[in-house]
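Breakdown of the fold
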Amino acid sequence: MDTIKKARSVKYLSPEQLNLLQDKDLLKLEKLEHKHQLLSEAYVKYAKKQESKQSSNFSRLRNIGKKRTRIKVQIQRVKIELMRIEEGKLPQLNLFQRWKKYFSHMPYKKQKVIFGVLFIIPWAVGFILFFMSPIASTIWWSLNKMTPQEGGGFSFLYYGLDNYIALFTRQTLAGATVLEVLTSSIIDILIDLPTIIIFSLFIAVLLNTRFKGHQFVKAIFFIPVVYNMTVINNTLSGAFGALFGASLGEGFELSRAFSDFLMQIGIGNGLVGFLTSAVDRIFLIVNKSGIQIIIFIAALQAIPNHLYEAAKVEGATKYETFWKITFPLVTPMILTAVVYTIVDSFGSSDLLMFLTVNSQGTTMATNQPGMYSAISIVYFLANIFIIAFAFLFMRKSVFYYD
Amino acid sequence: MIKGTLNKFKQVIQHKIADWRDGMKVALSSPIKRKVFKQRIGAFIINILKYILLFGLCFVILYPLFLQLAVAFRAPSDVNNPAILWIPGEFSVKNFEVAMVALKYWQALKNSLILACGVTFLQLASTALAGYAFARLKFKGSGILFGLALFTIVVPQTVISLPLLRSLTEMKMVGKPITLFLMAGLGMGIKSGIFIYLFRQFFRGIPVELEDAAYIDGANPFQVFFKIMLPNAKGAIITVALLSFVWQWNDYYFTTLFVTRSNLNFITLTTQQVSVLFGLQQALTDAGVWSLMGQDITKNPLFASMILNTSGILVMMPILVLYFFVQKLFVQGIERSGIVG
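Residues numbered from 1 in each chain as written. Chains lettered and ligands numbered in written order. Predicted model: local features only at pLDDT ≥ 70, side-chain atom pairs only at ≥ 80, totals over all residues.

A short note on the overall build of chain B
Note the following rule: Note on conventions: DSSP H or I runs of at least 4 residues are helices, E runs of at least 2 residues are strands, and numbering of each starts at the N terminus. To sort residues by burial, count the other C-beta atoms lying within 10 Å of each one's C-beta; a count of 20 or more means buried, 12 or fewer means exposed, and anything in between means partly exposed. C-beta atoms are built from the backbone. We call two residues in contact when the distance between their C-beta atoms, placed using the backbone, is within 7 Å.
Of the regular secondary structure elements, chain B holds 16 helices and zero strands. Of all 341 residues assigned to chain B, the portion counted as buried reaches 38%. Long-range pairs, those at least 24 residues apart, make up 78% of the contacts in chain B with a sequence separation of at least 6.

With respect to the overall build of chain A
Regarding its fold elements, chain A presents 17 helices and four strands. Put simply, chain A has 402 residues, and 22% of those count as buried. In chain A, once contacts between residues fewer than 6 apart in sequence are set aside, the share between residues at least 24 apart is 70%.

Details of the environment of L206 of chain A
When you line up the elements, L206 of chain A lands in helix α6 (residues 178–208). Residues L206 of chain A and I297 of chain A lie 91 residues apart in sequence; the distance between their C-alpha atoms is 9.6 Å. Other than its neighbours up to four places away in sequence, L206 of chain A contacts K50 and L54 of chain B.

Quick look at the confidence of the model for chain B
Residue and element names in this part refer to chain B. To be explicit about the condition: A residue's pLDDT is simply how confident the predictor is in it, with values from 0 to 100.
The share of residues in chain B with pLDDT of 70 or more is 86%, and the mean pLDDT across the chain is 82. Of all secondary-structure elements in chain B, the lowest mean pLDDT belongs to helix α15 (residues 290–293), at 56, while helix α4 (residues 105–135) reaches the highest, 92. With a pTM of 0.81, the predicted complex shows an ipTM of 0.80.

Overview of unusual backbone geometry
All names here are of chain B. Even without glycine at this site, K104 takes up a positive phi of about 50°. Here K104 is to be found in the loop between α3 (94–103) and α4. Located in the positive-phi region is K172, a residue other than glycine, with phi close to 60°. Tracing the chain through its elements places K172 in the loop between α6 (157–170) and α7 (178–185). Taking the number of C-beta atoms within 10 Å as the measure of exposure, K172 has 8 and is therefore exposed.

A short note on the domain arrangement of chain B
How big an interface is tends to be expressed through the accessible area that disappears when the partners come together. All names here are of chain B. Rules: What marks off one domain from the next here is an automatic or database domain assignment. Residues are grouped as follows: nonpolar covers Ala, Val, Leu, Ile, Met, Phe, Trp, Tyr, Cys and Pro; charged covers Asp, Glu, Lys and Arg; every other residue, Gly included, is treated as polar.
When its domains are assigned, chain B resolves into domain 1 (2–72) and domain 2 (94–337). Once you take the C-alpha centre of each, domain 1 and domain 2 turn out to be 46 Å apart. Tallying the contact residues gives four residues for domain 1 and seven residues for domain 2. Partitioning the side of domain 1 that touches domain 2 into residue classes produces three nonpolar, one polar and no charged.

Some remarks on the interface of chain B and chain A
Facing the 66 residues of chain B at the interface are 73 residues of chain A. Put simply, the parts of the chain that give the side of chain B that touches chain A at least two residues each are α2 (31–72), α4, α5 (142–154), α6, α7, α10 (221–232), α11 (234–250) and α16 (301–337) of chain B. Per-element tally for the side of chain B that touches chain A: the top contributor is α16 of chain B, with 16 residues. Of the residues that constitute the side of chain B that touches chain A, the class distribution is 47 nonpolar, 16 polar and three charged.

Brief notes about the nonpolar core
Formally: Note on terminology: a nonpolar core is a set of buried residues of type Ala, Val, Leu, Ile, Met, Phe, Trp, Tyr or Cys, with members joined through C-beta atoms within 7 Å.
In this structure, F296 and I297 of chain A together with A130, Y132 and F199 of chain B are the most contacted members of the largest nonpolar core, which totals 125 residues. It is α16 of chain B that provides the largest number of residues to this core, a total of 13 residues. If we ignore the near neighbours within four places in the chain, the residues touching A130 of chain B are F119, I120 and W123 of chain A together with A149, G187 and I196 of chain B.

Overview of the packing of helix α7 (residues 214–221) of chain A against α2 of chain B
Two packed helices can be described by the angle between their axes and the distance between those axes. Applied cut-off: Every angle, taken between N-to-C directions, lies between 0 and 180 degrees, and every axis is a line fitted to C-alpha atoms, over only the stretch in contact when it is a helix. Crossing handedness is read from the near helix: turned anticlockwise from the far helix by less than a right angle, it gives a left-handed crossing, and turned clockwise, a right-handed one.
Where α7 of chain A contacts α2 of chain B, the axes come no closer than 9 Å and their chain directions differ by 35°. In terms of crossing hand, the pair formed by α7 of chain A and α2 of chain B is left-handed. Note on element contacts: α2 of chain B touches α7 of chain A through L54, C58, I61 and L62 of chain B, opposite V217, I220 and F221 of chain A. Its residues assigned to classes, the contact of α7 of chain A with α2 of chain B shows seven nonpolar, no polar and no charged.

Focus on helix α13 (residues 305–313) of chain A
Two residues of an α-helix separated by three or four positions point the same way, owing to the 3.6 residues in each turn. Counted residue by residue, α13 of chain A has zero buried out of nine residues, so it is predominantly exposed. Downstream of α13 of chain A by a residue or two, G315 of chain A has a phi angle that is positive, lying close to 90°.

Considerations on the packing of α6 of chain A against helix α12 (residues 290–301) of chain A
Residue and element names in this part refer to chain A. The condition is simple: Any angle that falls under 35 degrees is termed roughly parallel, while one over 145 is termed roughly antiparallel, one within 65 to 115 roughly perpendicular, and all others oblique.
Between α6 and α12, whose axes approach to 8 Å, the crossing angle comes to 50°. Compared by their axis directions, α6 and α12 come out oblique. Between α6 and α12 lies a crossing whose hand is right-handed. Each of I196, I197, S200, L201, I203, A204, V205, L207 and N208 in α6 lies in contact with α12, whose residues at this interface are Q292, I293, F296, I297 and L300. Of the residues that constitute the contact of α6 with α12, the class distribution is eleven nonpolar, three polar and no charged.

Remarks on the confidence of the model for chain A
Averaged over every residue, the pLDDT of chain A is 77; the share at 70 or more is 75%. Segment residues 358–362 of chain A is flagged for pLDDT under 50; beyond a separation of four residues in sequence, or across chains, it makes six contacts in the model.

See below:
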């Protein structure tokens, strides 16, 4: 029997320490019992009062009762400890164990609050350091005229709203004023938004059914989430795209042949333009809606199945089930997807060009931080404005199950 | 001999046609059966349309990738050859060699991996803790804090970047990857707000009874989180891990601003990708592609574009490999994540 593991040696308190502790505990016990008695008397007294008054306010009575039970538990704990002391076997606790004991004697509600605060502290510190203070200084900078000094710092001169006025009256980028760029990017987003949302919802509904090869199709549909599409856009359709005319010509020829075919059939010019532009944009739209498809698939999976079964029993068609069950239950996630889309597509808006280069062609971040801050604040406000608009627009149609 | 088989074949076909005719007669015999038949045909057609649409869109997604590959394997001497569109005349990996040198591939790959792995791990830790606290460990004012966490999603990074850069420079933290780690660890990394939201929604979806049972058995909230909630949150963890890894990998803005711009030795694949063209001449010499030098090929914009494209593939290769390993888990994770709590 030499394979028996060595039991973890437990250090017990010495007799002198035990005596000390016993005195302490006895004193504690006396105090607690006295408190308990007082509370019991108060409880009885208050209960009688309550009875004679016939009032319905029991909150005080309940509080007293709670306190009494808490003290009862404490008395019990002290008694158990005293019993252990009489046995002479009380393990010595180190600091951590003592703290653990103290903590586990707390009610769960308190423990939860303490851990809640502990869990949030890292985030909260980051929020103050890396978010709140930069935002505050951005707002302050945007109200100042800042000129770089030789030592590397900036000299501040309070300017009021002059930065903003200058921004809207004097700044231009390739001949367009800030207001023009802003409105055009907002209009772009408002056009793209419904297309992306409808497309991704549609695809999510299709992907949510089981069919042959659905694993494969799903895997491919999430590639745009993973793949850095800006790399492809830069190389194949951005500045270098024109140089690739030879190899890309095919794609354009396809859509030209398509439009020629439509023209010959006799469909009007406007419709053809729309269709071909839609075909050209489909690449962009597919790539922009990866996360939205994820959001919608998760939402569709969360719809309880019994609703569909009930609808089927009632004889509803697939069309009806979609509009009466699926769509209303997905609406909260439509809101989420809308917010994500706006934030995402605003990230690539032309307004950002102002931040890197101003009309004189010098970099703004180093030379005019005040103006830079003003632009980013305007950018942020425009962002918020669109989201608020979408929110108000959709608020009434969002439906919450349960 | 042939005639005999032909006759047999004919008979079989006639038989089949007769069968089919009988079947149709039965199917169309009564109005109810006729209706069922109609519905079946409708469903069949819709199914076919669905397949065409989905696989067509798959093609739309894959098309540029194929195009990239086709261009990448083209021999440098065939750059201007108009006869070659899709399939390269001769397969060559010269482009890859040149792009690898220009990217400083192995060094950049190492840095990218370090950065992405560290950020992913720290971001997972901080956002999961915050998400769980927002979902279950509520205290006075935690609702407001959650609102602020959502607010961080909406604020564009350009608003905070400049003052942040300045204060970090004063603290001499710029130029080291620690800055990015710190931001991720304190829940302020790239799109951390979304991850907090995701985790909160997920934890809200796990039944409370599970936790209560653990509490009755004497677990404290810390134990409940690590032993009950985290093992049950695999879907959310995989989703968040993949997204945060990929977003860090593809991030250019923060990495350049806080690390690479003041410390040119610490390059990642994505930051190096942008400056591939500057070092092209040197890369050609280093890669030992002497045969190309005589044609003054570096001045050909098509060649430059080809190298850029190849380097794009090289940058994305590790991510694609990773994706195809975790793809199944990722899809399942999304389906079970129950983002809608």
